[in-house]
Protein chains: 2
Amino acid sequence: MTIVYAAMICGVIAVLYGIITSRQILAASAGNEKMQDIAAAIAEGAKAYLGRQYRTIAIVGVVVAILVGYFLGILSAAAFAVGAILSGVTGFIGMNVSVKANVRTAEAARTSLQGGLTMAFRSGAVTGMLVAGLGLLAITLLFWYMIAIRHLDLAVHADRRVIVDSLVALAFGASLISIFARLGGGIFTKAADVGADLVGKVEAGIPEDDPRNPATIADNVGDNVGDCAGMAADLFETYVVTIGVTMASIALLLPNADHLFQLMTLPLLVGGVCVITSIIGTYMVRLGGSGSIMGALYKGFWTTVILSIPAIYFATQYVLGDMHAAIGGSSALGDVAGSLTPEAVAGAGAVTFTGMKLFICMMIGLALTGALVWITEYYTGTNFRPVRSIAKASETGHGTNVIQGLAVSLESPALPTLVISIAVIGCFQLAGIIGIAFGATAMLALAGMVVALDAYGPVTDNAGGIAEMAGLPDDVRHRTDALDAVGNTTKAVTKGYAIGSAALAALVLFGAYTTDLGIYFPDLHVDFTLSNPYVIVGLLLGALLPFSFGAFGMTAVGRAAGSVVEDVRAQFRDNPGIMEGTVRPNYARTVDLVTKAAIKEMIIPSLLPVLAPIVVYFVITAVADQASGFAALGALLLGVIVSGLFVAISMTSGGGAWDNAKKYIEDGHHGGKGSEAHKAAVTGDTVGDPYKDTAGPAVNPMIKITNIVALLLLAALAAHAGVVG
Amino acid sequence: MTIVYAAMICGVIAVLYGIITSRQILAASAGNEKMQDIAAAIAEGAKAYLGRQYRTIAIVGVVVAILVGYFLGILSAAAFAVGAILSGVTGFIGMNVSVKANVRTAEAARTSLQGGLTMAFRSGAVTGMLVAGLGLLAITLLFWYMIAIRHLDLAVHADRRVIVDSLVALAFGASLISIFARLGGGIFTKAADVGADLVGKVEAGIPEDDPRNPATIADNVGDNVGDCAGMAADLFETYVVTIGVTMASIALLLPNADHLFQLMTLPLLVGGVCVITSIIGTYMVRLGGSGSIMGALYKGFWTTVILSIPAIYFATQYVLGDMHAAIGGSSALGDVAGSLTPEAVAGAGAVTFTGMKLFICMMIGLALTGALVWITEYYTGTNFRPVRSIAKASETGHGTNVIQGLAVSLESPALPTLVISIAVIGCFQLAGIIGIAFGATAMLALAGMVVALDAYGPVTDNAGGIAEMAGLPDDVRHRTDALDAVGNTTKAVTKGYAIGSAALAALVLFGAYTTDLGIYFPDLHVDFTLSNPYVIVGLLLGALLPFSFGAFGMTAVGRAAGSVVEDVRAQFRDNPGIMEGTVRPNYARTVDLVTKAAIKEMIIPSLLPVLAPIVVYFVITAVADQASGFAALGALLLGVIVSGLFVAISMTSGGGAWDNAKKYIEDGHHGGKGSEAHKAAVTGDTVGDPYKDTAGPAVNPMIKITNIVALLLLAALAAHAGVVG
């Protein structure tokens, strides 16, 4: 139990870090009155949106909680509620810090680049540590409650079942909220951004963030509710699902292992020690002699990675004792799913591994994180071929800009797929599915640091907006723009990281699904071979989901942006004083309009991954039989990850590349600002916006939710059939 | 043997139809001297390109033929050569007819819309009937040669092997050529089109097909070498692969069936009778009272479909005799692949079916064709929501046009996936993998008619260009434009049809792969279950191929179009007389430039699907073992179809929708020609060009080639290991 307490303390430290750092941020100067006015308007809009969003989600959440309680018991319902509420809390606090830090970053950037960087990054670090800390506390406390208070015994089959179900329910709560938050926030931010750009920059010919643009506050609100709150909820989900499902898989796959309790607590301690290394890393973010902002952020990131290596090693050694003693072997691992008869489950997968092998798997996870960061920077950074090729293609017009952007977008998943494949094979060869799970756990253990890098972006974006609207000197805006350009890359990095870890986590979830199937329905022969046509149909339907989901996201942004354009046009028309700068536009009206649109548009696509597994299972079972239904459902889970990986990476990398190609041109290349190439690049950026900030990132929670719903469906069907798992 | 002769006669009839109709076309007036000059320049450029393209492909072809001969024997090498040569011949003749018909269509359109329609459609029908006729003759003659001349006996295992290998080699020849032709032609046509538009319409402000634009002949050449020759080679490949692999699968899966010979000849006779129904259909293409061009084409299409129902029924009854007698049962069907031990192969899949069930499977194939045609028209026709939503979004600029286009593109695979899934399940429940094969066969039996609808498009496009360049009266151009707009939809229809049939054919190919694996390596336990990580990695890598391939295609077009822009700018600069209309531009120089660029750019992406299966097999075998290598390779085959289906449909439907959204605006909506919305729509059209005519359609042969290479690799490995299959 010491391990659990140690992990809990690490979680508390993360939260304390968040509180202390927040106070430091609040203590800084919030600038002059005009700046504070603007920041207040942004904060008000963001709070109003999040409040309305969470009230809407709460309705869905309560309905689902009741269903979970009915089918899986009160403990699972409670775990679901905890996951859901904490996911919301993470987003809410992140947004709150962000709307305080934006104006203070603008103020700090009046003095120096370092000042702005520190303020913005500190704010990101608060969000990052809360994501990791609250995620860790949620799982740790739930596990502690079940073991220490409810006295559930891991050696008892029924008790183990309750523990697994609760962990999955916790993950479900986090996922369900995060898909709404990611999508709703993503629609809000991009509808406002695209709408403001179209009607401001393109039609009215006024610069970005000009206070005469009625949509400008909505645009800045969007950064906070989408790129900050939505992202935080998403990464909280990723954290909880990955670590929770790693623990659940250990319980499912190694029920008879001697070290079961230790093995299950190892992910918690790994998460705990990496919170500490992440906090240390945040203090290393300093501009060096070169003045490179990306270099400063990398110093923090690599410090965390390097410190995490010995930290994970010692955590593993502490938990498992002998690093070379064999673990596992007594149960099913690896190819359990082939033939799910009880004999097969008993006979198959005599995979054994050692603590050392698990450690190497976790090192593979860290290496994968590093590789994904590097690849994402290559595809979205202004120093490399992809972004420059888009910038070059802008010279010949809008069409060639978009063609080259799509080419980069289609190209970008190749290297991530190769490194993910290598990592999957490496981890599997070392320790089977459990190895993959630990690889994913190590990736997510760095979440605090990675989220910090990401959440810093919207703060600088907002700071630039405030500087513009408050009429601060040009050099302030230059500093915030420099910070913001790097933010485009770090935002893409987080998404690549989240989706890469999702690929690993989804494989673990699929392993849990097949294992559960064997436990719940031992007499059912489910044929998961690729030549089963129900498997093929399941793969096709699963692969379809990210495409349809992406279509919804893109359409929603297009439609909502259209209504922003109409609202702004109406404001300009009804009140000519706005363009003259004598009358303040009605910012709140536009915020309200985008709020309503985003909430309306987020519902149906968010329900798609929840309902699809259920519909596919019941339809296939009806036209064929239950075994075919389960086969199709399992294949759907893999189909969604296979195509989701490509859709998400191509959208997030492509969108980031488009954005930075515009910035590269604005830096004076290919004719610079105002040139024809720049106009073409603005089009590319507009196209990339919903790609990278709405449709693409929401694929990550979508993949997980599909998998978790399938697991819960299995449990519910078993309960319905009177099977005690 | 009567059946084989009957099929042969049908093939000969198709070729005769082609010859007679060609003569009718040639007999028509080719217009005035100016028109003939222009047409001659187009014809010259097209022949020069195709000549150079086929010389390049021939080098690859000879190398591969030698490899096939070395590993699989001289008969297979000869079959490969026949497939390759006929694929080339089909493209060449199609192009030749097309470059004669274009000017005659322009001339005929001077008199009436009906005249232009008839001329263009007749020309398309020649290509269509040659695709089906030559495809049918190739397979029929090969089969006849093996049975009647070489006296191979289907009851003898070794002989059956030779027959299967030869059929696969024939398919390989057709596929290999067609991927080069599709991609090379696709790059040519879109590089010239995009380049001509960018520098002509956008920069110089001259209309499309203006004779002052040096790239205008290249643009018209592109229609012939890409949309006509490339498409014909592609559909020839689809035809040969589908029917050839259906026959091979029957031989592999039902080696002991009583009716083996009859079953294998049934696809030939079905192909034969549908050639006749297609020819009848071509005579039904007439404008009705409403003057609807799409309606006229549909009359032909639906006549063919409806006549094919009884034709297929009587063909089946004639071949199999009793429609209700049980067939099969003695061998492995369906889930052969699960466990590939000889006992399993012998014991598994006691699927039996009847002639009636096969007939229903073929009806499902026809219904699927109809459904895909309807869905494609919905997504690309100007009367429906998707195209109109893009047109509407153009009002707010380039960015929203592209966003909405991408949304439509992402949405478009949903319905096709659903109907394909239903068809797969339906056919499989009736007659296992063989049922799916017959469903695909029935789809392809309509190829003559479908290709006719498609090949008519580039002829009308060219006719419009000639009318413009020759300065014919405006109403001629209006008539050819009306014909061309429908051509956009019919072109998209063929692509949806080809990729839909590819999904079915690829499943049959996968079935052949797993069956062959069991035959060649009976002692190897290959685990194809989804929980095998090598399967997952194979799926990921397979799914990656269409994305990378698409990236190559888009980049190639962007790059080649860029060099067209530079060439044209240079011509305008060096010779101001061109813009004044006093000096004829150097058309040939631009054609030559695009020719070289297209051929250079087509090589690497075309080799990707050939080499990927080989590399994946050897790498995975090296890091794990042979069984894992085969598992990853098998999964790669499914991965490529799963993602290829989505990539191809989204690109071809999205591109068609963009193109027609532009046409819809040009028809006077949202401000009409020259409005801001129109400019945005031109951008969307430019983006859609390489989507729908380069990257998207080339995915179809790419899927097949990956699968066929895997089959050949298996056979080569077996030969190497001394295994007699």
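Being a predicted model, the structure only gives us computed values, none of them experimental.

Concerning the overall build of chain A
And step 1. Helix and strand content of chain A: 20 helices and two strands.
And step 2. In terms of overall size, chain A behaves like a compact globule, its C-alpha atoms giving a radius of gyration of 25 Å where 725 residues would be expected to give roughly 27 Å.
And step 3. Considering chain A as a whole, with its 725 residues, one finds that 71% of them fall into the buried category.
And step 4. Sequence separation of 24 or more characterises 85% of the internal contacts of chain A that already satisfy a separation of 6 or more.
And step 5. Across chain A, 39 positive and 49 negative side-chain charges occur, with their mean positions spaced 5 Å apart.

Considering the interface of chain A and chain B
Interface size, as often reported, equals the accessible area lost upon joining of the parts.
And step 1. Each partner contributes to the interface: chain A provides 69 residues, whereas chain B provides 68 residues.
And step 2. Interface area, chain A with chain B, both sides summed: about 6,100 Å², of which 81% is carbon and sulfur.
And step 3. Where chain A touches chain B, the interface holds zero salt bridges.
And step 4. Counting every contact that joins chain A to chain B gives six residue pairs in polar contact (both at pLDDT 80 or more).
And step 5. Mapped by element, the contributors of at least two residues to the side of chain A that touches chain B are helix H5 (157-204), helix H12 (398-411), helix H13 (414-445), helix H15 (474-520), helix H16 (533-574), helix H18 (587-623), helix H19 (626-666) and helix H20 (676-720) of chain A.
And step 6. For the side of chain A that touches chain B, the element with the most residues is H16(A), which contributes 19 residues.
And step 7. Per-class residue counts for the side of chain A that touches chain B are 44 nonpolar, 20 polar and five charged.

A closer look at the relation of the copies chain A and chain B
Turning one copy of the chain about an axis and sliding it along that axis gives the other copy, so a rotation and a shift relate them.
And step 1. For the match of chain A to chain B, the screw axis carries a shift of 0.0 Å, the RMSD comes to 0.0 Å, and the turn is 180°. With respect to symmetry, the two chain copies, as superposed, fit the operation of a two-fold axis. By C-alpha distance to the rotation axis, the residue of chain A lying nearest is A:Thr529, at 2.1 Å.
And step 2. A share of 99% of interface residues in chain A that are also interface residues in chain B marks the association as one of identical surfaces.

Considering the packing of aromatic side chains
And step 1. All chains considered together, the criterion is met by 40 aromatic pairs over all chains.
And step 2. A ring pair is formed by A:Tyr378 and A:Phe384, whose centres lie 5.4 Å apart and whose planes are at 55°; its orientation type is tilted.
And step 3. Residues B:Tyr70 and B:Phe71 carry aromatic rings whose centres are separated by 5.0 Å and whose planes lie at 80° to one another, so their mutual orientation is edge-to-face.

Quick notes on the pattern of salt bridges
Residue and element names in this part refer to chain B.
And step 1. Under the definition given, this model contains 57 salt bridges over all chains.
And step 2. A salt bridge links Arg477 to Glu468; its shortest N-O distance comes to 3.3 Å.
And step 3. Taking the relative accessible area as the measure of exposure, Arg477 reaches 16% and is therefore buried.
And step 4. Taking relative accessible area as the criterion, Glu468 reaches 29% and is therefore assigned partly exposed.

Some thoughts on the UniProt feature "site: Determinant of potassium independence" (unreviewed entry) in chain A
All names here are of chain A.
And step 1. Feature annotation in UniProt assigns "site: Determinant of potassium independence" (unreviewed entry) to the following positions: Lys491.
And step 2. Within the secondary structure, Lys491 is located in helix H15.
And step 3. Since its relative accessible area comes to 8%, Lys491 is described here as buried.
And step 4. Setting aside its immediate chain neighbours within four residues, Lys491 contacts Asp227, Asp454 and Asp693.

Some words on the environment of A:Glu203
And step 1. With respect to the secondary-structure elements, A:Glu203 resides in helix H5.
And step 2. As for A:Glu203 and A:Tyr617, which are separated by 414 residues in sequence, their C-alpha atoms are 50 Å apart.

A word on the environment of A:His678
And step 1. Tracing the backbone shows A:His678 in helix H20.
And step 2. A:His678 gets classed as buried once you look at its relative accessible area, which sits at 11%.

Topic: the side chain of B:Thr238
Residues and elements named next belong to chain B.
And step 1. Tracing the backbone shows Thr238 in helix H6 (residues 216-253).
And step 2. Side-chain polar atoms of Thr238 contact the side chain of Asn700, separated by 3.1 Å.
And step 3. Aside from chain neighbours lying at most four places away, what touches Thr238 is Leu444, Ala498, Ser501, Asn700 and Lys704.

A few points about the packing of H16(A) against helix H12 (residues 398-411) of chain B
And step 1. Taken N-terminus to C-terminus, the directions of H16(A) and H12(B) make an angle of 155°; their axes are 8 Å apart at the nearest point. Considering their axes alone, H16(A) and H12(B) lie roughly antiparallel with respect to each other. Here H16(A) and H12(B) pass one another in a crossing that is left-handed. Residues A:Phe547, A:Ser548, A:Gly550, A:Ala551, A:Met554, A:Thr555 and A:Gly558 of H16(A) form the contact with H12(B), whose participating residues are B:Ile403, B:Gln404, B:Leu406, B:Ala407, B:Leu410 and B:Glu411.
And step 2. Partitioned by chemical class, the residues of the contact of H16(A) with H12(B) number seven nonpolar, five polar and one charged.

Some remarks on H6(B)
Residue and element names in this part refer to chain B.
And step 1. Its 38 residues place the ends of H6 53 Å apart at the C-alpha level, agreeing with the 56 Å of an ideal helix rising 1.5 Å per residue.
And step 2. Along H6, the helix axis deviates most sharply at Gly222, where the bend reaches about 25°.
And step 3. Buried residues dominate H6, accounting for 38 of its 38 residues.

Remarks on helix H7 (residues 260-282) of chain A
Because an α-helix completes one turn every 3.6 residues, residues spaced three or four positions apart along the sequence face the same direction.
Residue and element names in this part refer to chain A.
And step 1. Counted at 1.5 Å a residue, the expected span for H7 with its 23 residues is 33 Å, and the 34 Å between its end C-alpha atoms agrees.
And step 2. When the local axis directions of H7 are compared, the greatest deviation, roughly 30°, occurs at Leu266, which is followed within four positions by the proline Pro267.
And step 3. Of all the 23 residues making up H7, 19 are buried; the element is thus mostly covered by neighbouring parts of the structure.

Some thoughts on the nonpolar core
And step 1. In this structure, A:Met264, A:Tyr513, A:Leu530, A:Phe630, B:Met264, B:Tyr513 and B:Leu530 are the most contacted members of the largest nonpolar core, which totals 582 residues.
And step 2. Aside from chain neighbours lying at most four places away, what touches B:Leu530 is A:Phe510, A:Phe528, A:Leu530, A:Val535, A:Gly634, A:Ala635, A:Leu638, B:Val535, B:Ile536 and B:Leu539.

A look at the packing of H18(A) against H20(A)
Residue and element names in this part refer to chain A.
And step 1. The contact between H18 and H20 brings their axes to 8 Å, and the two run at 45°. Compared by their axis directions, H18 and H20 come out oblique. Once H18 is placed against H20, the crossing between them reads as right-handed. Where H18 approaches H20, its residues Pro609, Val610, Pro613, Ile614, Tyr617 and Phe618 are matched on the opposing element by Met702, Ile705, Thr706, Val709, Leu713 and Leu717.

Some remarks on the environment of A:Gly271
All names here are of chain A.
And step 1. Note that Gly271 resides in helix H7.
And step 2. Among the residues examined, Gly271 registers a relative accessible area of 0% and is labelled buried.
And step 3. Sequence separation of Gly271 and Ala447 is 176 residues, and the distance between their C-alpha atoms is 9.1 Å.
And step 4. Non-local contacts of Gly271, meaning those with residues more than four positions away in its chain, are made with Leu136, Tyr239 and Ala445.

As for a nonpolar patch on the surface
Residue and element names in this part refer to chain A.
And step 1. Nonpolar side chains collect at one region of the surface, where Ile59, Val63, Leu67, Tyr70 and Phe71 lie side by side and expose about 550 Å² of accessible area between them.
And step 2. Its location among the elements puts Ile59 in helix H2 (residues 33-72).
And step 3. Accessibility expressed as a relative area gives 58% for Ile59, which makes it exposed.

Some remarks on the confidence of the model for chain A
All names here are of chain A.
And step 1. Residues at a pLDDT of 70 or more form 96% of chain A, whose mean pLDDT is 90.
And step 2. With pLDDT under 50 throughout, residues 330-350 is counted as low confidence; its partners more than four residues away or in other chains account for 47 contacts.
And step 3. Two numbers describe this predicted complex: its pTM, 0.92, and its ipTM, 0.92.

Structural notes on the state of the cysteines
Residue and element names in this part refer to chain A.
And step 1. Enumeration according to the criterion identifies zero disulfides over all chains in this entry.
And step 2. In this model Cys10 remains outside any disulfide bridge; the closest cysteine sulfur is found in Cys274, 9.4 Å from its own.
And step 3. Since its relative accessible area comes to 9%, Cys10 is described here as buried.

What counts as what
Residues numbered from 1 in each chain as written. Chains lettered and ligands numbered in written order. Predicted model: local features only at pLDDT ≥ 70, side-chain atom pairs only at ≥ 80, totals over all residues. Heavy atoms only, no water. Helix = DSSP H or I, 4+ residues; strand = E, 2+ residues; numbered from the N terminus. Rg over C-alpha atoms; globule rule 2.2 N^0.38 Å. Buried < 20%, exposed > 50% of the residue type's maximum accessible area, 1.4 Å probe, protein only. Contact = heavy atoms within 4.5 Å. Lys, Arg positive; Asp, Glu negative; His and termini not counted. Charge placed at Lys NZ, Arg CZ, Asp CG, Glu CD. Buried area = accessible area lost by both parts, 1.4 Å probe. Salt bridge = Lys/Arg side-chain N within 4 Å of Asp/Glu carboxyl O. Polar contact = N/O pair within 3.5 Å; in protein donor to acceptor, adjacent residues only side chain to side chain. Nonpolar A, V, L, I, M, F, W, Y, C, P; charged D, E, K, R; others polar. Least-squares fit on C-alpha atoms with pLDDT ≥ 70 in both. Phe/Tyr/Trp six-rings, centres within 6.5 Å; stacked < 30°, edge-to-face > 60°. UniProt positions renumbered as here; feature names shortened; annotations may be inferred. Axes fitted to C-alpha atoms, helices over the stretch in contact; angles between N-to-C directions. Parallel < 35°, antiparallel > 145°, perpendicular 65-115°, else oblique. Left-handed = near helix turned anticlockwise from the far one by under 90°. Expected span 1.5 Å × (residues − 1). Bend = angle between axes of the 7 residues up to and from the residue. Core = buried A, V, L, I, M, F, W, Y, C linked by side-chain atoms within 4.5 Å. Patch = residues over 30% accessible without salt bridge, like charges linked within 9 Å, V, L, I, M, F, W, Y side chains within 5 Å. Areas by Shrake-Rupley, 256 points an atom, 1.4 Å probe, with all protein chains shown as cover. pLDDT = per-residue confidence, 0-100. Disulfide = S-S within 2.5 Å.

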